[in-house]
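Below are the chains, spelled out letter by letter.
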Amino acid sequence: NSYSKTDHDATFMRVKEDPMQNGQLKPAYNLQIATSGQFITGYQLFQNPTDTRTLQPFIKHLQQHRTLGTTIVADAGYGSESNYRFLEDSLPEHTALIPYGTM
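Each chain carries its own residue numbering, running from 1 in the written order of its sequence. Per-residue local features are limited, in this predicted model, to residues with pLDDT of at least 70; the limit for side-chain atom pairs, both in listing and counting, is 80 or more; totals at the level of whole chains, interfaces and linings are taken over all residues. The basis for the side-chain values is all heavy atoms of the structure; hydrogens and waters are excluded.

### A few points about the side chain of Asn48
Link 1 in the chain: We count a stretch as a helix when DSSP gives it H or I for four or more residues in a row; a strand needs E for two or more, and each element gets its number in order from the N terminus. Along the chain, Asn48 turns up in the loop between strand S4 (39-46) and helix H1 (55-64).
Link 2 in the chain: Residue classification places Asn48 among the buried positions, given a relative accessible area of 16%.
Link 3 in the chain: What makes two residues a contact is simply this: any of their non-hydrogen atoms within 4.5 Å. In this structure Asn48 touches Met13, Asn30, Arg53 and Thr54, once residues within four positions along its chain are discounted. Burial classification: accessible surface area is computed with a 1.4 Å probe over protein chains only, and a residue below 20% of its type maximum counts as buried, one above 50% as exposed, and the rest as partly exposed.

Right under this line is the structure:
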């Protein structure tokens, strides 16, 4: 129920560049990009504003297109118990380097 009137697929999010510094919500997408050796190997657009909920579907997308590398590196924004469990259970042969949010 927080969709833009002009772009029905966009979700209202707080974006980092806000010249007015008033925390205004703007219609946006959450773009996820995978790279290897500075080359883009996959991308996907999401409507949810948090990175925590994008990791699992994005990993599955990369697996489906056979572009998932053996090392998965992400920042603490992707760290959650469900994501750590998913990576350990579903991808035991991969190395996941995702710090905890408290690190």
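Text resumes after the structure shown.
### Things to note about the nonpolar core
Link 1 in the chain: The definition of a nonpolar core used throughout is a set of buried Ala, Val, Leu, Ile, Met, Phe, Trp, Tyr and Cys residues joined through side-chain atoms within 4.5 Å. The biggest cluster of nonpolar side chains holds 10 residues, and these are Leu55, Ile59, Ile72, Ala74, Tyr78, Tyr84, Phe86, Leu87, Leu91 and Ile98.
Link 2 in the chain: Only H1 and helix H2 (81-90) provide two or more residues apiece to this core.
Link 3 in the chain: Ranked by the residues each element gives to this core, the list is headed by H2, at 3 residues.
Link 4 in the chain: With residues up to four places along the chain from it excluded, the contact list for Tyr84 reads Gly79, Ile98, Pro99 and Tyr100.

### Considerations on H2
Link 1 in the chain: Buried within H2 we find Asn83, Tyr84, Phe86 and Leu87. For H2, the arc enclosing every buried residue in end-on projection is 160 degrees, short of the 170-degree limit, so these residues lie on one face. Opposite the buried face of H2, at more than 90 degrees from it, the exposed residues are Glu81, Glu88 and Asp89.
Link 2 in the chain: Those residues of H2 that are buried lie in contact with H1, strand S5 (71-73) and strand S6 (95-97). Note: the arc covers the axis-to-C-beta directions of the helix.

### A look at the packing of H1 against H2
Link 1 in the chain: The interhelical angle for the contact between H1 and H2, taken along N-to-C directions, is 25 degrees, at an axis separation of 10 Å. Between H1 and H2, the crossing angle belongs to the class labelled roughly parallel. Of the residues in H2, those touching H1 at Leu55, Gln56, Ile59 and Lys60 are Ser82, Asn83, Phe86 and Leu87.
Link 2 in the chain: In this count, Pro and Cys sit with the nonpolar residues alongside Ala, Val, Leu, Ile, Met, Phe, Trp and Tyr, while Asp, Glu, Lys and Arg are called charged and the others, Gly among them, polar. In terms of residue class, the contact of H1 with H2 is built from 4 nonpolar, 3 polar and 1 charged. For helices, the fitted line uses only the C-alpha atoms of the stretch in contact; every axis is such a line through C-alpha atoms, and the angle between N-to-C directions lies from 0 to 180 degrees. Any angle that falls under 35 degrees is termed roughly parallel, while one over 145 is termed roughly antiparallel, one within 65 to 115 roughly perpendicular, and all others oblique.

### Some details on the layout of surface pockets
Link 1 in the chain: Note on definitions: the grid is 1 Å and covers protein atoms alone; a cavity is a set of points where a 1.4 Å probe fits but cannot get out; a pocket is an open set with protein on both sides within 12 Å along at least five of seven lines; lining residues have an atom within 4 Å of a point. Grid points are joined across faces, edges and corners, and a volume is the space filled by probe spheres set on the points. For the largest pocket, the calculated volume is near 340 Å³.
Link 2 in the chain: Mapped onto the lining of the largest pocket, the elements with two or more residues apiece are strand S3 (30-36), H1 and S5.
Link 3 in the chain: Element by element, the count of residues in the lining of the largest pocket is highest for S3, at 5 residues.
Link 4 in the chain: When its residues are assigned to classes, the lining of the largest pocket shows 11 nonpolar, 7 polar and 1 charged.
Link 5 in the chain: Together, Met13, Arg14, Val15, Lys16, Ala28, Tyr29, Asn30, Leu31, Gln32, Pro49, Asp51 and Tyr78 line the second largest pocket.
Link 6 in the chain: Elements supplying a minimum of two residues to the lining of the second largest pocket: strand S1 (11-14) and S3.

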